[in-house]
Amino acid sequence: MTEAAEIPTPDKNDETFWTTATTLMEPSWTEPTTDDTFTMDERVHDAVRALAERISTRARAYRTAGKPFDPVLMAAPDVQLALLRSLYEAKQSVDRLAESAATVAGRSGANYAQLGAAWGGIKRQSARLKWPHAVVRKSTRESIPLHYAGGSAVVHHDADADAWWYTATAADQQERESEAVHSTYAEAIAGATEFLLAHALPDGQGPA
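Residues numbered from 1 in each chain as written. Predicted model: local features only at pLDDT ≥ 70, side-chain atom pairs only at ≥ 80, totals over all residues. Heavy atoms only, no water.

Digging into the overall build of the chain
- Helix and strand counts for the chain stand at seven helices and four strands.
- Secondary structure elements of the chain, listed N to C terminal, follow the sequence α-α-α-α-α-α-β-β-β-β-α.
- A compact globule built from 208 residues should have a C-alpha radius of gyration of about 17 Å, whereas the chain, at 21 Å, is more than 25% larger.
- Taken along the three principal axes of its C-alpha coordinates, the chain extends 65 × 40 × 35 Å.
- Counting over 208 residues, the chain shows a buried share of 28%.
- Across the chain, contacts joining residues at least 24 apart in sequence account for 44% of those joining residues at least 6 apart.
- Of the roughly 13,800 Å² of accessible surface on the chain, 54% is carried by carbon and sulfur atoms. (Helix = DSSP H or I, 4+ residues; strand = E, 2+ residues; numbered from the N terminus. Rg over C-alpha atoms; globule rule 2.2 N^0.38 Å. Buried < 20%, exposed > 50% of the residue type's maximum accessible area, 1.4 Å probe, protein only. Contact = heavy atoms within 4.5 Å. Areas by Shrake-Rupley, 256 points an atom, 1.4 Å probe, with all protein chains shown as cover.)

In structure tokens:
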């Protein structure tokens, strides 16, 4: 296994940057500590509570009346139901983000055993069932769709040039079509991901 000190850290302008970035490093993560998980709980709760206050009919009534919504009102059963509904939305968000992460990782070299290990240690077969399109054979010549950072891209193989290229539409509706210059599909995915991230919308904003 690769130790953190042995993982190369080239700058983005280094010629080895993308080759390094698309090379799977092992181990890919360290186990979260108890403090890490408590911090995650707090941040998720903050986000979910904010949504619950937006959708709660009781909280809306207070806003309409021009009155502050006292935090103690979070204990009201109807507000707790709004919180539960918000937690469901959080779960949906996690599932969408997990599918995106699994797809980017899988199409950049991770296998189903590694995806399953990252997802709490589920079996390879379960990971394949959960994300059936995350891992593709490296010999494939089909176009590969990618959804990331609110945008989408399709990675293609140019058989004549034996190279990969992509078309992408970002969350801000900016579009790009790359040249067929990427030697592997992982490099093309990395380029598409960089473009989508550069044109992601600020948190809380949707497409125009």
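Regarding the packing of helix H2 (residues 34–55) against helix H3 (residues 57–64)
- Remark: H2 packs on H3, axes separated minimally by 5 Å, with the N-to-C direction vectors making an angle of 65°. Judged on the interaxial angle alone, H3 and H2 are roughly perpendicular. Contact residues: Glu53, Arg54 and Ile55 in H2; Thr57, Ala59, Arg60 and Arg63 in H3.
- Of the residues belonging to the contact of H2 with H3, the class tally is two nonpolar, one polar and four charged. (Axes fitted to C-alpha atoms, helices over the stretch in contact; angles between N-to-C directions. Parallel < 35°, antiparallel > 145°, perpendicular 65-115°, else oblique. Nonpolar A, V, L, I, M, F, W, Y, C, P; charged D, E, K, R; others polar.)

Some details on unusual backbone geometry
- With an omega of -5°, the peptide bond between Glu26 and Pro27 qualifies as cis.
- With respect to the helices and strands, Pro27 occurs in the loop between helix H1 (17–21) and H2.
- Within the chain, Ala149 stands out as a residue other than glycine whose phi angle is a positive 55°.
- For Ala149, the position within the fold is in the loop between strand S1 (144–148) and strand S2 (151–158).

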